[in-house]
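Tertiary structure, described
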Amino acid sequence: MPELPEVETIARSLRNAPNLAFSPSPGLNKRPGVIGRTVADVQVNWQRSVAEPDAPTFCERLSGQTIAAVKRRAKFLVFQLDGDWLLIHLRMSGDIRVEPRSGVPLQAHDRVIFNFKDGARMVFNDTRKFGRVWLVEDPDSILGCLGPEPLSTALTPEVFSRSLLQQKRAVKTVLMDQKFLAGMGNIYTDEALHLARIHPLERASSLEPGRAEGLLSAIREVLEEGIRRNGASIDWVYRGGDFQNYFRVYQRTGENCPDCGTKIERIVVSQRGTHFCPTCQPPMIKG
DNA sequence: CATCAACCCTGAGAGC
DNA sequence: TGCTCTCAGGGTTGAT
């Protein structure tokens, strides 16, 4: 599922020069981007993929607007247009393609198709239909409640530690709370907790400053490695990344811990499959 | 406020 | 081989 590194990878490819040639399987840095392209019309194949406004208004208002910039905030793709902002959340199975409008057939699960005036199109494909698109005047109406970006220098170890100390919930639950920290998902949370040698069920408030700082470093390390490897390609959505080959614990239940060899265990935390090493990440002894 | 379960969906994988 | 069944999973919503 796309988390911060996957969305960042897609955002970067969308910022590539728009005049690159379309070819069957180009590397991520050779795919044509969308900056400067103008929307001609929009086709919605699944109404519920459009969160706001209603689908007909969404299509009508987008027509004629030009993409000025593409950014990422948390797991959102953020497109700055002429007056409005287009937001896309890929959720579990969403993906974005940029391709020619003619000569290339649409695919199964193509939900929203943005046709550009220059003959290209951007396609939002989403097998499980969990993803959403928004068209809003003020992006903060959707993004305003998000917590800090984990890679931002504004998030200092001191700030992070102080925030954790105020949270009684399990540390994994807290890290995945988008209001607390923006962009972490199940994969990178499990990976970061293993790297930091912290049990996923430990109360966040029990992490003293030293371990909180270690946790922030681990979060940044796994996110940066994910971005460096162009994200992870799993859930049958191939995005060109290969971080899935370097998971320490995620979906490795019963396999050996890369650090100590103990069998990786799986539990459920906040309704999410959670993978950890019982030796490297021992439960806190209350005292 | 914290916690928890249901919900939205599809297809992979298991079981038969 | 092919059918049916179970389940994962991000984020939202509603119940406890």
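Report on the accompanying structure. Because the structure is predicted, anything quoted here is derived from the model rather than measured.

**What to know about the protein's contact with DNA strand C**
Around DNA strand C, 15 residues are found, and the nearest of them are Lys75, Met92, Arg128, Tyr250 and Arg272. Protein-adjacent atoms of DNA strand C, using a 4 Å cutoff, are sugar or phosphate at a proportion of 60%. Side-chain polar atom of Arg128 to a base nitrogen of DNA strand C: 2.7 Å apart, as the coordinates give it. In this structure, Tyr250 approaches DNA strand C through a side-chain N or O atom, which is 2.8 Å from a phosphate oxygen. Residue composition of the surface near DNA strand C, grouped by class: five nonpolar, five polar and five charged.

**A look at the protein's contact with DNA strand B**
Residues in contact with DNA strand B amount to ten residues; listed here are only the nearest, His109, Thr127, Lys129, Arg169 and Gln271. In DNA strand B, atoms within 4 Å of the protein come 56% from sugar and phosphate. Within the side chain of Arg128, an N or O atom sits 3.1 Å from a base oxygen of DNA strand B. Between DNA strand B and Gln271, the relevant distance is 2.7 Å, taken from a base nitrogen to a side-chain nitrogen or oxygen of the residue. By residue class, the composition of the surface near DNA strand B is three nonpolar, three polar and four charged.

**Looking at the packing of aromatic side chains**
Applying the stated rule across the entire model yields six aromatic pairs. A centroid spacing of 6.3 Å and a plane angle of 55° characterise the contact between Phe160 and Phe180, whose relative ring orientation is tilted. Of this pair, Phe160 sits in helix H4 (residues 157-165) while Phe180 sits in the loop between helix H5 (171-176) and helix H6 (186-196), and the two are 20 residues apart along the sequence. The burial state of Phe160 is the same as that of Phe180; both residues are buried. For the pair Tyr188 and Phe243, a centre-to-centre distance of 5.2 Å together with 5° between the ring planes defines the contact as stacked. Here Phe243 lies in the loop between helix H7 (209-228) and strand S10 (265-269) and Tyr188 lies in helix H6, a separation of 55 residues in the sequence.

Rules used in this analysis
- Residues numbered from 1 in each chain as written.
- Chains lettered and ligands numbered in written order.
- Predicted model: local features only at pLDDT ≥ 70, side-chain atom pairs only at ≥ 80, totals over all residues.
- Heavy atoms only, no water.
- Near = heavy atom within 4 Å.
- Polar contact = N/O pair within 3.5 Å; in protein donor to acceptor, adjacent residues only side chain to side chain.
- Nonpolar A, V, L, I, M, F, W, Y, C, P; charged D, E, K, R; others polar.
- Phe/Tyr/Trp six-rings, centres within 6.5 Å; stacked < 30°, edge-to-face > 60°.
- Helix = DSSP H or I, 4+ residues; strand = E, 2+ residues; numbered from the N terminus.
- Buried < 20%, exposed > 50% of the residue type's maximum accessible area, 1.4 Å probe, protein only.

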